[in-house]
Amino acid sequence: MDSGVRELGLRLYDLVRTVRLLKQRRADERPAIPPGLLGMLVQIDQLASGCHARELAQQTRLDPSTVSRSVAALVAQGLVERRPDPTDKRATFLAVTPAGRAALADSHGWYGEVLERALADWTPGEVRALSAALGRFAGDIEVALGNHDNLEAAR
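Small disclaimer: the values here were computed from a predicted structure and weren't measured.

### A word on the overall build of the chain
Reasoning step 1: Looking only at helices and strands, one finds seven helices and two strands in the chain.
Reasoning step 2: Overall, the chain shows an N-to-C arrangement of helices and strands of α-α-α-α-β-β-α-α-α.
Reasoning step 3: In terms of its C-alpha atoms, the chain occupies a principal-axis envelope of roughly 55 × 35 × 25 Å.
Reasoning step 4: For the chain, the proportion of its 155 residues judged to be buried stands at 25%.
Reasoning step 5: Surface accessibility of the chain: about 10,400 Å² in total, with carbon and sulfur atoms responsible for 57%.
Reasoning step 6: Positive and negative charge centroids in the chain, built from 20 and 20 side chains respectively, lie 3 Å apart.

Given below as structure tokens:
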């Protein structure tokens, strides 16, 4: 294995550890969104017109049972609501509630403050380059994994 690739693997380990620390600190300081559910809430919010749980499972590439448990927890917390689908009486749309939007805004603000402190000595170009490289890297990893329909199964 190339030493550069090995070094990248070690830095990825550091990054994963740092992300876990960030998530835990956010949960401690901003408990409005339970740990592990922020990403799901963000995904529902990005599908602004509402979405079905099956669409959310496809979008997140998670097992439908995982999505179902996460959605149930978000509904129980009052952060997401189920709305009837007018075209299919058996189905429901998922939508972020006003409380969910407020919790998202608070979490985004918290992460923004942390990132601004962490990147205070970085130039705007360095920040853009990191963002572009991370986006490319994430896409290339998905390709290397064979474009798994369900990335949860690839873990």
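Moving on from the coordinates now.
### Structural notes on the pairing of strand 2 (residues 88–96)
Reasoning step 1: As judged from the six bridges shared by strand 1 (residues 80–85) and strand 2, these two strands associate in the antiparallel manner. The partner of Val80 across the bridge, within strand 2, is Val96.
Reasoning step 2: Adjacent in sequence and paired antiparallel, strand 1 and strand 2 are bridged by two residues.

### A look at the packing of aromatic side chains
Reasoning step 1: Summed over the entire model, instances satisfying the criterion amount to one aromatic pair.
Reasoning step 2: Residues Trp110 and Tyr111 carry aromatic rings whose centres are separated by 5.1 Å and whose planes lie at 80° to one another, so their mutual orientation is edge-to-face. Residue Trp110 shares its accessibility class with Tyr111, and that shared class is buried.

### Looking at the packing of helix 3 (residues 53–60) against helix 4 (residues 64–76)
Reasoning step 1: It is at 9 Å that the axes of helix 3 and helix 4 come closest, and there the two elements cross at 115°. When the axis of helix 3 is compared with that of helix 4, the two are roughly perpendicular. Here the hand of the crossing between helix 3 and helix 4 comes out right-handed. Touching Ala53, Leu56, Ala57 and Thr60 of helix 3 are Pro64, Val67 and Val71, all from helix 4.
Reasoning step 2: Across the contact of helix 3 with helix 4, the residue classes break down as six nonpolar, one polar and no charged.

Rules used throughout
Residues numbered from 1 in each chain as written. Predicted model: local features only at pLDDT ≥ 70, side-chain atom pairs only at ≥ 80, totals over all residues. Heavy atoms only, no water. Helix = DSSP H or I, 4+ residues; strand = E, 2+ residues; numbered from the N terminus. Buried < 20%, exposed > 50% of the residue type's maximum accessible area, 1.4 Å probe, protein only. Areas by Shrake-Rupley, 256 points an atom, 1.4 Å probe, with all protein chains shown as cover. Lys, Arg positive; Asp, Glu negative; His and termini not counted. Charge placed at Lys NZ, Arg CZ, Asp CG, Glu CD. Pairing = 2+ DSSP bridges. Phe/Tyr/Trp six-rings, centres within 6.5 Å; stacked < 30°, edge-to-face > 60°. Axes fitted to C-alpha atoms, helices over the stretch in contact; angles between N-to-C directions. Parallel < 35°, antiparallel > 145°, perpendicular 65-115°, else oblique. Left-handed = near helix turned anticlockwise from the far one by under 90°. Contact = heavy atoms within 4.5 Å. Nonpolar A, V, L, I, M, F, W, Y, C, P; charged D, E, K, R; others polar.

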